[in-house]
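Residue-level structural notes
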Protein chains: 2
Amino acid sequence: MIRVVIADDQQLVRDGFSQILRSQPDIHVAADAADGRQLLDAVRRDPRIDVALVDIRMPVLDGLHATRELAAIPHAPAVIIVTTFDDDAYVLDAIASGARGFLLKRSSAHDLLSAVRTVAAGGAILSAEITGAVLDRVRSTGPVTRVDLAAHQLTARETDVLTLIGAGLNNDEIARNLHLSMSTVKTHVANVLAKTGSRDRVRAAILAIQAGLSPPP
Amino acid sequence: MIRVVIADDQQLVRDGFSQILRSQPDIHVAADAADGRQLLDAVRRDPRIDVALVDIRMPVLDGLHATRELAAIPHAPAVIIVTTFDDDAYVLDAIASGARGFLLKRSSAHDLLSAVRTVAAGGAILSAEITGAVLDRVRSTGPVTRVDLAAHQLTARETDVLTLIGAGLNNDEIARNLHLSMSTVKTHVANVLAKTGSRDRVRAAILAIQAGLSPPP
DNA sequence: GTTGGGCTGGTACCTGGGTACCTGGCTGAC
DNA sequence: GTCAGCCAGGTACCCAGGTACCAGCCCAAC
């Protein structure tokens, strides 16, 4: 049984979704919410909720912020953002917020049901209309061929240091971060530079980012 | 009328796809190909092809490389990768290569047809099963809110310098690259650091990458 | 048991990076 | 005309970063 909560500020929309979902034997509408705050309350009250259908535009707390806060809850449900607008920025923000689905309100009931079942099963789903924006985003982040860090044979400690270099820390900060002396840090840095063939820490930082060690936060 | 070319090394698969597509009045199978080279030939021969269904595993020239080469052709068709394997790396490579769709062979005929129509109309489509990998990728590239470089009010020259910092050049190299003296470069670097609030060039380099100035190539 | 490699730490030294402050030419706005 | 801002350049100084080399500890492999 898939337990769903519906969050939308419009009563009619909530009822419509509810109708569609209730028609299915394997889906149960556990709660509904008129804003993000109510959504969070509902999820905290009922730990068994699997899926949250969330509108972006809601009073008090909007869908994106609510999604972000949901992620902090231990038994957080999978979030499907359901909205009228296929604004690229919304889509990407939603994904960044942790949403596992993105559905346009103009989608069919069939799409809604399969989206709910897909994310409940651990999958992810996008409306066809917005897939393009996401693909563009993936393409724009450069080739997938990440730098093969393994080839450089870095030790665990050296990888730690390289990660922090990539985050922009100086030697002193790295030392304090890893509870080491400056000398030790310098030794590790020197080894990292030698092993990776980086001339200086700037090159190493770029490498760390390319390798996905230090994702630009 | 949507004109489609089918590229797959297995005769039966080609015939199967062909059957499905031919059943539709708005779709015409213009050609088929048993490998990437034949696919490229077919597209070059017939400039009116709209959509290419491409298998990844093909002899002579595989689907990914063929897709990349296709992109160089002026009237290039939209590419839908159709494969048995939902390997994440394949998906992301395919997207990076320029594919606008990614379909698993276990998808339904209905999915295939809607995928063809979607990409022919300029859209993009992913199989539900692989959407998750793509979303992870989007998430892993950090928040969508790229650093707003415009807010820092950098001058043209300062932007040049920041770009080269992000590429890992030292001051001397920047000077030679921009035909400037070291002193001038240092001045610009100092201004860039001040304006961007970066403590040192490492931070500035990270910023340049985040802002997309110096994309990790 | 000793040997090699990783981790930690130290000393000494040199250079590139970064700061501070100044000069001067050029251009466009007021 | 003069004023502001960008660009180019210079000098002087300090320090973080990087190099070189050494030593002790620990542990797993041989």
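To start, this report covers the structure provided alongside it. Source: prediction; values computed, not measured. (Residues numbered from 1 in each chain as written. Chains lettered and ligands numbered in written order. Predicted model: local features only at pLDDT ≥ 70, side-chain atom pairs only at ≥ 80, totals over all residues.)

Here we look at the overall build of chain A
- Check the secondary structure of chain A and you find 10 helices and 6 strands.
- The burial tally for chain A puts 44% of its 217 residues in the buried class.
- By sequence separation, contacts in chain A at least 24 residues apart represent 63% of the contacts at least 6 residues apart. (Helix = DSSP H or I, 4+ residues; strand = E, 2+ residues; numbered from the N terminus. Buried ≥ 20, exposed ≤ 12 C-beta atoms within 10 Å, placed from the backbone. Contact = placed C-beta atoms within 7 Å.)

Here's the deal with the nonpolar core
- In this structure, A:Ala52, A:Ile80, A:Val116, B:Ala52, B:Ile80 and B:Val116 are the most contacted members of the largest nonpolar core, which totals 98 residues.
- If sequence neighbours within four positions are ignored, B:Ala52 has contacts with B:Val5, B:Ala7, B:Leu39, B:Val43, B:Leu70, B:Pro77 and B:Val79.
- By size, the runner-up hydrophobic cluster in this structure holds 42 residues, among which are A:Ile209, A:Ala211, B:Leu162 and B:Leu207. (Core = buried A, V, L, I, M, F, W, Y, C linked by C-beta atoms within 7 Å.)

Re the sheet that holds strand β5 (residues 101-104) of chain A
Residue and element names in this part refer to chain A.
- Strand order in this open sheet of 6 strands is β2-β1-β3-β4-β5-β6, and the pairing throughout is parallel. The open sheet terminates on both sides in strands that have one partner only, identified here as β2 (27-33) and β6 (125-126).
- Here helix α1 (residues 11-22) sits on the sheet and contacts β1 (2-7), β2 and β3 (51-54); the angle it forms with β2, its principal contact strand, is near 165 degrees.
- Here helix α2 (residues 36-45) sits on the sheet in contact with β1, β2 and β3, set at roughly 160 degrees to β1. (Pairing = 2+ DSSP bridges. Axes fitted to C-alpha atoms, helices over the stretch in contact; angles between N-to-C directions.)

Remarks on the protein's contact with DNA strand C
- Residues in close proximity to DNA strand C total 19 residues, the closest being A:Thr155, A:Ser181, A:Ser183, B:Asn170 and B:Arg201.
- Ranked by residue count, the leading element in the surface near DNA strand C is helix α9 (residues 182-196) of chain B, at 5 residues.
- Tallied by class, residues from the surface near DNA strand C come to 5 nonpolar, 8 polar and 6 charged. (Near = placed C-beta within 6 Å. Nonpolar A, V, L, I, M, F, W, Y, C, P; charged D, E, K, R; others polar.)

Description of the protein's contact with DNA strand D
- Inspection of the region around DNA strand D gives 19 residues, with A:Asn170, A:Asp200, A:Arg201, B:Thr155 and B:Ser183 positioned closest.
- Mapped by element, the contributors of at least two residues to the surface near DNA strand D are α8 (171-178) and α9 (182-196) of chain A together with α7 (156-166) and α9 of chain B.
- Looking at which element gives the most residues to the surface near DNA strand D, the answer is α9(A), with 5 residues.
- Grouping the constituent residues of the surface near DNA strand D by class yields 5 nonpolar, 8 polar and 6 charged.

Quick look at the environment of A:Ala71
Residues and elements named next belong to chain A.
- Along the chain, the position of Ala71 falls in the loop between α3 (63-70) and β4 (78-83).
- Measuring from C-alpha to C-alpha, the distance between Ala71 and Ser97 comes to 8.1 Å, with 26 residues separating the pair along the chain.
- Excluding residues that lie within four positions of it along the chain, Ala71 makes contacts with Ala76 and Gly98.

Quick word on the packing of α9(A) against helix α10 (residues 201-210) of chain A
Residue and element names in this part refer to chain A.
- Between α9 and α10, the least distance of the axes is 10 Å, while the angle of their chain directions is 70 degrees. Taken together, the axes of α9 and α10 are roughly perpendicular relative to one another. For the crossing formed where α9 meets α10, the hand is left-handed. Contacts between α9 and α10 involve Val189, Val192, Leu193 and Thr196 from the first element and Arg201, Ala204 and Leu207 from the second. (Parallel < 35°, antiparallel > 145°, perpendicular 65-115°, else oblique. Left-handed = near helix turned anticlockwise from the far one by under 90°.)

Comments concerning the sheet that holds strand β4 (residues 78-83) of chain B
Residue and element names in this part refer to chain B.
- Read across the open sheet, the 6 strands follow the order β2-β1-β3-β4-β5-β6; overall the sheet is parallel. The sheet is open, and its two edges are formed by β2 (27-33) and β6 (125-126), each paired on a single side.
- Examined bridge by bridge, strand β1 (residues 2-7) and strand β3 (residues 51-54) share 4 bridges and lie parallel to one another. Each residue of the ladder has a partner; that of Val4, found in β3, is Val51.
- The sheet strands contacting helix α2 (residues 36-45) are β1, β2 and β3, and the helix crosses β1 at an angle near 160 degrees.
- Relative to β3, helix α3 (residues 63-70) is tilted by about 160 degrees, and along the sheet it contacts β1, β3 and β4.

Some points on the pairing of strand β5 (residues 101-104) of chain B
Residue and element names in this part refer to chain B.
- Here β4 pairs with β5 via 4 bridges, running parallel. Its bridge partner being in β5, Ile81 is matched across the sheet by Phe102.
- Bridge analysis of β5 against β6 gives 2 bridges, and the strand direction is parallel. Note on β6: the bridge partner recorded for Phe102 is Leu126.
- In terms of handedness, the path from β5 via helix α5 (residues 109-120) over to β6 forms a crossover that is left-handed. (Right-handed = clockwise from strand over helix to strand, strands pointing away.)

A word on unusual backbone geometry
Residue and element names in this part refer to chain A.
- Phi angles above zero are rare outside glycine, and Val60 is one such case at about 65 degrees.
- In this fold, Val60 is placed in the loop between β3 and α3.
- Residue class for Val60 comes out partly exposed when judged on the 13 C-beta atoms lying within 10 Å of it.
- Notably, His179 is not glycine yet its phi reads approximately 55 degrees, a positive angle.
- Relative to the assigned elements, His179 resides in the loop between α8 and α9.
- Under the C-beta neighbour-count criterion, His179 is labelled exposed, with 7 such atoms within 10 Å.

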